[in-house]
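Each chain is listed here by its residues.
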Amino acid sequence: MNQGLAVKTFSEWARRGRVVFTIEDLSKLFPGDRRKTLLASLRRLVDEGVLGRACRGVYVFLLPGNSAPDLIEHIAVALRRGDYSYVSLESALSTYGAISQIPIDRLTAMTTGRSGLYRTPWGVIEFTHTKRSPMDILGNTRRIGRPLRMATPQAAWRDLKRVGRNTHLVDPECLSHD
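Summarised in this report is the structure supplied together with it.

The next subject is a nonpolar patch on the surface. A cluster of nonpolar residues, Tyr84, Met135 and Leu138, forms a patch on the protein surface that exposes about 310 Å² of accessible area. If you trace the backbone, Leu138 turns up in helix 6 (residues 134–139).

A few words now on the nonpolar core. Ranked by size, the top nonpolar core spans 49 residues in total, and within it Phe10, Ile75 and Ile125 carry the most contacts. With six residues, the single largest contributor to this core is helix 4 (residues 71–79). Aside from chain neighbours lying at most four places away, what touches Ile125 is Ile72, Ile75, Ala76, Leu79, Leu107, Gly116, Leu117, Tyr118 and Thr120.

For helix 7 (residues 153–162), the complete set of buried residues consists of Pro153, Ala155, Ala156, Asp159 and Leu160. Looking straight down helix 7, one finds that the buried residues subtend no more than 165° of arc, so they occupy a single side. Against strand 4 (85–87), helix 5 (89–95), strand 5 (106–111), strand 8 (141–142) and strand 9 (149–151) lie the buried residues of helix 7.

Position of Thr9 relative to the elements: it lies in helix 1 (residues 3–15). Those residues in contact with Thr9 that lie beyond four places of it in its chain are Leu29 and Phe30.

The next subject is the layout of surface pockets. Taken as a whole, the largest pocket encloses approximately 180 Å³ of empty space. Lining the largest pocket are Asp70, Ile72, Glu73, Val87, Ser91, Ser94, Thr95, Ile102, Pro103, Arg106, Leu107 and Arg146. The set of elements that each furnish at least two residues to the lining of the largest pocket consists of helix 4, helix 5 and strand 5. Taken together, the residues of the lining of the largest pocket sort by class into five nonpolar, three polar and four charged. A volume near 150 Å³ is recorded for the second largest pocket. As for the second largest pocket, its lining consists of Val77, Asp83, Tyr84, Ser85, Tyr86, Ile137, Arg143, Pro147, Leu148 and Arg149. Split into classes, the residues belonging to the lining of the second largest pocket amount to six nonpolar, one polar and three charged.

Reading the values: rules and limits
- Residues numbered from 1 in each chain as written.
- Predicted model: local features only at pLDDT ≥ 70, side-chain atom pairs only at ≥ 80, totals over all residues.
- Heavy atoms only, no water.
- Patch = residues over 30% accessible without salt bridge, like charges linked within 9 Å, V, L, I, M, F, W, Y side chains within 5 Å.
- Areas by Shrake-Rupley, 256 points an atom, 1.4 Å probe, with all protein chains shown as cover.
- Salt bridge = Lys/Arg side-chain N within 4 Å of Asp/Glu carboxyl O.
- Helix = DSSP H or I, 4+ residues; strand = E, 2+ residues; numbered from the N terminus.
- Core = buried A, V, L, I, M, F, W, Y, C linked by side-chain atoms within 4.5 Å.
- Buried < 20%, exposed > 50% of the residue type's maximum accessible area, 1.4 Å probe, protein only.
- Contact = heavy atoms within 4.5 Å.
- Arc of directions from axis to C-beta.
- 1 Å grid on protein atoms, 1.4 Å probe; cavity = no way out; pocket = protein on both sides within 12 Å on 5 of 7 lines; lining within 4 Å.
- Points joined across faces, edges and corners; volume = space filled by probe spheres on them.
- Nonpolar A, V, L, I, M, F, W, Y, C, P; charged D, E, K, R; others polar.

So, in structure tokens, the structure goes:
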């Protein structure tokens, strides 16, 4: 793939709101490239500043002056595509004001996929596995105009206790205001 075609293709997708791509996505966008050729092209596009490597197998289109809102959540969605994932634990409780400290470089999320920690140039994504059913997840989270669903205050508190995290920073009075 040449740089001109790549920038044109990525720009079209960026206009639609999509700037995060997995290798599988890219192999579909550029179907003529063999795997080895695609990987070499991706290395070149990263070196030229067209793409940023978020983590293994996930790339971000670095359109100058364009920073997608909630980029870290878009990366999280790409990492756990096909699984139910939602913002919870400290990230959700901070959003609700139940924890005074705001995690600025870390996203904590629950997922039906595997647990994992991913360090990206845009922050750390921490996935914690949950055995909650899809119906339970959908009933205890909400869409708030972001890529990932957000746990309700009560669900985030329940998740925090269930996984054995530190609870002494949580203000329980903030949890009752849904």
